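Descriptive analysis of the structure
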Amino acid sequence: MHRSRRTVSTAASVMGALAAALVVAAPHASAAITEFELAPGSGTGSSPAPYGTHCAYTASATAEPGEYVSFYDSQKGSFDPPGAILVGASGTVTAQWSPETPGTHTLHAVNIGSEQSLQVEVGSGLNLGSACPVL
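Residues numbered from 1 in each chain as written. Predicted model: local features only at pLDDT ≥ 70, side-chain atom pairs only at ≥ 80, totals over all residues. Heavy atoms only, no water.

Tracing the backbone through its elements, the reader meets A89 in the loop between β6 (84–86) and β7 (92–99). Separated by 25 residues in sequence, A89 and E64 have C-alpha atoms that sit 8.4 Å apart. (Helix = DSSP H or I, 4+ residues; strand = E, 2+ residues; numbered from the N terminus.)

What follows is the structure, given as structure tokens:
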């Protein structure tokens, strides 16, 4: 009988450890990107497009702190920083977007299981440093 108590106690300990491990290892639901926006372009110059090539614009996305968000351009454009960005305590991440070609660009903010996109028009920009008129 002493042996069976020990067996029951050991089994209970193992089951408790397994339950704890499952809770820790269980995948949590990914937080959705709740907002994605691009700071408005100056729109100065002769083009009706508000954004210009080789100019920089701030993209921002809102998601759960501790998650990762990546930005990308379906056309030719780059984000700085590139890759996955850790969402801080504020819940917002930002990156600088620079389009490389004129035309319609579709920008994406991606988190595992969640994506937001924006479509913007890009004209030819003239980066003067402090200003970037769109021609």
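So that's the structure; there's more coming.
Bringing the side chain of S60 into the picture now. Here S60 lies in strand β3 (residues 57–62). Setting aside chain neighbours within four positions, we find S60 in contact with E35, F36, E37, F71, T92, V93 and T94. (Contact = heavy atoms within 4.5 Å.)

Formed by 24 residues in total, the largest nonpolar core has its most connected members in L38, A61, V69, F71 and W97. Going through the elements one at a time, β1 (35–38), β3, β4 (68–73), β7, β8 (103–111) and β9 (114–123) are the ones with two or more residues in this core. Residues contacting L38, with those up to four places away along its chain left out, are Y51, Y57, T58, A59, W97, L107, L118 and V120. (Core = buried A, V, L, I, M, F, W, Y, C linked by side-chain atoms within 4.5 Å. Buried < 20%, exposed > 50% of the residue type's maximum accessible area, 1.4 Å probe, protein only.)

With that out of the way, let us pick up unusual backbone geometry. Residues other than glycine predominantly adopt negative phi, and peptide bonds predominantly adopt the trans conformation. The omega angle of the peptide bond from D80 to P81 is 5°, so this bond is cis rather than trans. Tracing the chain through its elements places P81 in the loop between β5 (77–80) and β6. Even without a glycine there, the phi angle at H54 is positive, about 65°. Along the chain, H54 turns up in the loop between β2 (51–52) and β3.

Let us look at the sheet that holds β8. Pairing within the open sheet is mixed, and its 5 strands lie in the order β2-β9-β8-β4-β6. Lying at the two open borders of the sheet, with one neighbouring strand each, are β2 and β6. In this sheet, β9 lies alongside β8 in antiparallel orientation, the contact comprising 9 bridges. Considered in β9, the bridge of V110 is made with E115. (Pairing = 2+ DSSP bridges.)

Attention now moves to the state of the cysteines. Considering all chains together, one arrives at 1 disulfide under this definition. Here C55 connects covalently by a disulfide to C132, the sulfurs 1.5 Å from one another. Handedness of the C55-C132 disulfide follows from its S-S torsion of about -60°: it is left-handed. Of the two residues, C55 sits in the loop between β2 and β3 while C132 sits in the segment after β9, which places them 77 residues apart along the sequence. What makes C132 buried here is its relative accessible area of 14%. (Disulfide = S-S within 2.5 Å.)

This part takes up the sheet that holds β7. Strand order in the open sheet made by the 4 strands is β1-β3-β7-β5, with antiparallel pairing throughout. On the outer flanks of this sheet lie β1 and β5, each paired with one strand and no other. When the angles between neighbouring strand axes are averaged without regard to direction, this sheet yields 25°. In this sheet, β3 lies alongside β1 in antiparallel orientation, the contact comprising 4 bridges. Bridging from a neighbouring strand, E37 pairs with S60 of β3. (Axes fitted to C-alpha atoms, helices over the stretch in contact; angles between N-to-C directions.)

All we've got here are geometric facts, nothing functional implied.
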